[in-house]
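# Overview (structure and organization)
In case you want the letters, here they are:
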Amino acid sequence: MGVDGREGVIVVGACNYPDRIDPAITRAGRFDQVIHIRRLDAPALATILRQHLGAELVGIDLMPLGELAFGRSGAECAAPVRAAKARACQSRRPLVLDDLRAALGPDHQTLPPSLRRRLAIHEAGHAVVVAALDLGRVLGMRLTPEGGETLIRWHEPEPTLAGVERLCLGHLAGRAAELLVLGDMSAGGGGGMESDLARATQILLTMELQAGLGDYGHLSIGAEPHPGMILSLPHAVREQLQHRLDRTVSTAQELLGRHRPLLDSLAAALEAAGFLGEAEISARLADVGLLGGSETDPGQADAKDAHHAQCRMTPMLGLSPAPEIGPRGM
C-alpha cells in the first residue's frame, strides 16, 4: 500500500546525534530532509521569558536576562519565571526585574571556594584555547553547584590528522589549565561519554580505527568504534593513543602558558560572577590571536586553520564535536 491514502501526512523524527543515524533511514524517500535546530540564542530566550511573564514587566528590556538564560531550553525558562513570581508574591509586592535576575542567576557561591576557583580555571582554559585556535565561538560560561560549563558553537573541524589534534586541544584545555595553574587536575574532565576526556579519547579512537588517520594506516572498520574497543587494541597502539592524549594536554599547557594573564583574568571574572555572556567573553578574548599569532600544534606548524570548514565528511566519521554545548567542568 505504501503511502496511498496518506496524502498530507508528514512524519517527523528527532535525534540529538544525527551523525550516528543509520544512513538507510535518511535515504531519499525516507527521512531525507535533515534540519539542524540549534540551541536558542539570547534574543529567542528573551522572547520566551516575555511569553512566560505575560502582563508582568511590560516594556522592560529582557535581552540581558536572555543572555543569562543561555543554555536553557524554552521549557527550562518557565521554572525561573515561576520562582520569581513566587518570591514577589511572598513579599506581597509586584514582580521586579531583580526577582527574575535572581532566579536565573548562578548560585555558584554555594560551591567551596577552592572548588569554585578550580572550576573557573578549567572553563577559562577551554575558552582561551578555543579562541586561540579559532575552533569555534564561545557563547557563554557558567558555574553551578553541579559544576562548570562552557557553551561553544564549534566550527566544523578539518578532516585531517592536524585538524583532529587541534579539536582535541579544545576538549582537553580545561585539564591543561588546572595543571598549569594549580599543579594538578581533578576528575572533572572525565566521566560519561560527553565529558572532555571521553570525547577526546573517542575522537582519537575514531581517527585510528575508522578515519584511516592513525598508526594502522589505510584501515577502517566501517563504523564508529565503541569506546570499549580500546581495551582490545594491541598494547603498542594503546600506548600511542595514550601518548597522543598526553601530548595534547602538554601542548594545551604550553599554549595557555603563552596566554597566562588572559587565562588568569578570565578565570577570576568567572569565579566572581558565576556567569559570563558572549559579549563580555568576546571582549576579553578579542586580542588572544594578537598575543601569540596564529596558534598551532608545534608538530603541525603548516596545518591549515579549521575555522568555517565546510567538508561534510567529518559528521559521517564521528569526528565533529557537539555543535553547541562544549566541555563541562566537574
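Structure: above.
Parameters and conventions
Residues numbered from 1 in each chain as written. Predicted model: local features only at pLDDT ≥ 70, side-chain atom pairs only at ≥ 80, totals over all residues. Heavy atoms only, no water. Helix = DSSP H or I, 4+ residues; strand = E, 2+ residues; numbered from the N terminus. Buried < 20%, exposed > 50% of the residue type's maximum accessible area, 1.4 Å probe, protein only. Contact = heavy atoms within 4.5 Å. Core = buried A, V, L, I, M, F, W, Y, C linked by side-chain atoms within 4.5 Å. Polar contact = N/O pair within 3.5 Å; in protein donor to acceptor, adjacent residues only side chain to side chain.

### A look at the environment of A198
Position of A198 among the secondary structure elements: in helix α7 (residues 196–209). Taking relative accessible area as the criterion, A198 reaches 17% and is therefore assigned buried. Other than its neighbours up to four places away in sequence, A198 contacts G191, G192 and M193.

### Quick look at the nonpolar core
M141, L266 and L285 are the most contacted members of the largest nonpolar core, which has 50 residues in total. Broken down by secondary-structure element, the contributors of at least two residues to this core are α5 (113–132), β1 (136–144), β2 (147–154), α6 (161–182), α7, α8 (235–258), α9 (260–273) and α10 (278–285). Among the nonpolar cores identified, the runner-up in size contains 21 residues, and C77, V81, A84 and L139 belong to it.

### Let's talk about the side chain of T150
Mapped onto the fold, T150 is located in strand β2. Look at T150 and you get buried, because its relative accessible area is 0%. At 2.5 Å, the side chain of T150 forms a polar contact with the side chain of E123.

### A few points about unusual backbone geometry
Of note in the backbone geometry, R92 takes a positive phi value of approximately 55° without being a glycine. Residue class for R92 comes out exposed when judged on its relative accessible area of 78%. A positive phi angle is found at D134, which is not glycine, with a value near 55°. Note that D134 resides in the loop between α5 and β1. On the basis of relative accessibility, which here comes to 28%, the residue D134 falls in the partly exposed class.

### What about the environment of R258?
For R258, the position within the fold is in helix α8. On the basis of relative accessibility, which here comes to 45%, the residue R258 falls in the partly exposed class. For the pair R258 and V288, spaced 30 residues apart in sequence, the C-alpha to C-alpha distance is 9.9 Å.

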